Amino acid sequence: MIDITLLGTGGMMPLPYRALTSLMVRYNGKSLLIDTGEATQISIRRRGWSFNPIDTILITHFHADHISGLPGLLLAMGNADRTEPVTIIGPEGLNKVVRGLLVIAPRLPFKVECIELTEEDEYFDAIGIDCHAFRLDHSLTCYGYSLSLKRAGKFDPEAARALEIPLPYWKRLQQGETIVDGDKTYTSDMVMGGERKGLKVTYVTDTRPIPSIVTAAEGSDVFICEGMYGEEDGDEKARDKKHMTMYDAAELAKKADVGQLWLTHYSPSMVNPFEFSDKVKEIFPEAHICKDRRTLTLNFMDEEPGNE
């Protein structure tokens, strides 16, 4: 089970009624954050979540609306008595950008470690979740992120009995251990079924629609994607500024066969994004024009989902 909350839905600048786009993910007592625009810590507080357990921060790119809130967030975490290290992952040049921002937050009570992404695709673990960073097409280097929580196969007690595997070994085999008992060797594949469907969330913002997004987002339970423009002249604006329209995002969601599309990162000029909902749903019926702090608890297929 993982919890996700879209802390804000705005692009370019925060507005009194719309915070900047950022995603927070909670899993197994730890938290992960994607992007830190201005006043991200306020959005977290308004959601009612704590920023103290944030172990990893993923940065999409270095435009101010995606990273300028980092010093304030780290200071807030320090004031909440955090002492464990924080890892920040983002495009090449991250270390220089973060060190520059931290000039105004020089005495944090924890270590900040920066990891720079340099390849088109990179894979790593964060808070126990498998992460895939993939290069986008924006006016400067930008990455999207897919977060996957895998699920092992189901234990088969009948197979264990048929193989006369001693009961004390069952739990150890479920945990992937190989056990040697005299002249017999027991491995987990003897008693575990195939891998079951896990959970997947993909986050994409500030890019043109490109095929690699479909590949990365394929089968996601939730695809969070920018829909900066919905107006009739949105196509031209999107091309000029290397962004996407709501309809671009819906087409990507359709091709990637995702469960839900959450639209976000609206232009400040778009006062009422909800007026475009019907047109977007014609392309992808499970599209949602999101409000700030939309939250969902994702459970495995045989568990009940929850959302707010």
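Since we're looking at a predicted model, the values are computed, not measured.

A.B. asks: Honestly, the sheet that holds strand β7 (residues 121–126) in this entry has me stumped. Any pointers?
C.D. replies: Pairing between sheet strands relies on hydrogen bonds along the backbone, with the strands arranged either parallel or antiparallel. A sheet is described by the order of its strands in space; here seven strands give the open sequence β7-β8-β9-β12-β13-β14-β15, paired in mixed fashion. Sheet topology places β7 and β15 (287–289) at the edges, where each strand pairs with a single neighbour. Across the sheet, the axes of successive neighbouring strands diverge by a mean angle of 20°, strand direction being ignored.

A.B. asks: Any chance you could explain the pairing of strand β4 (residues 54–58) here in plain terms?
C.D. replies: Note on strand geometry: in a regular strand, side chains alternate between the two faces of the sheet. Burial analysis of β4 places five of its five residues in the buried class, which makes it a mostly covered element. With four bridges joining them, strand β3 (residues 30–34) and β4 adopt parallel strand pairing. The residue of β4 that forms the bridge with Ser31 is Ile54.

A.B. asks: Help me understand the environment of Thr83 in this model?
C.D. replies: Following the sequence through the fold, Thr83 ends up in the loop between α3 (70–79) and β5 (86–91). Residue classification places Thr83 among the exposed positions, given a relative accessible area of 53%.

A.B. asks: What is the right way to read the environment of Ile59 from this model?
C.D. replies: Position of Ile59 among the secondary structure elements: in the loop between β4 and α2 (64–67). Taking relative accessible area as the criterion, Ile59 reaches 0% and is therefore assigned buried. In sequence terms Ile59 and Ile89 are 30 residues apart; their C-alpha atoms lie 6.1 Å from each other.

The rules behind each value
- Residues numbered from 1 in each chain as written.
- Predicted model: local features only at pLDDT ≥ 70, side-chain atom pairs only at ≥ 80, totals over all residues.
- Heavy atoms only, no water.
- Pairing = 2+ DSSP bridges.
- Helix = DSSP H or I, 4+ residues; strand = E, 2+ residues; numbered from the N terminus.
- Axes fitted to C-alpha atoms, helices over the stretch in contact; angles between N-to-C directions.
- Buried < 20%, exposed > 50% of the residue type's maximum accessible area, 1.4 Å probe, protein only.

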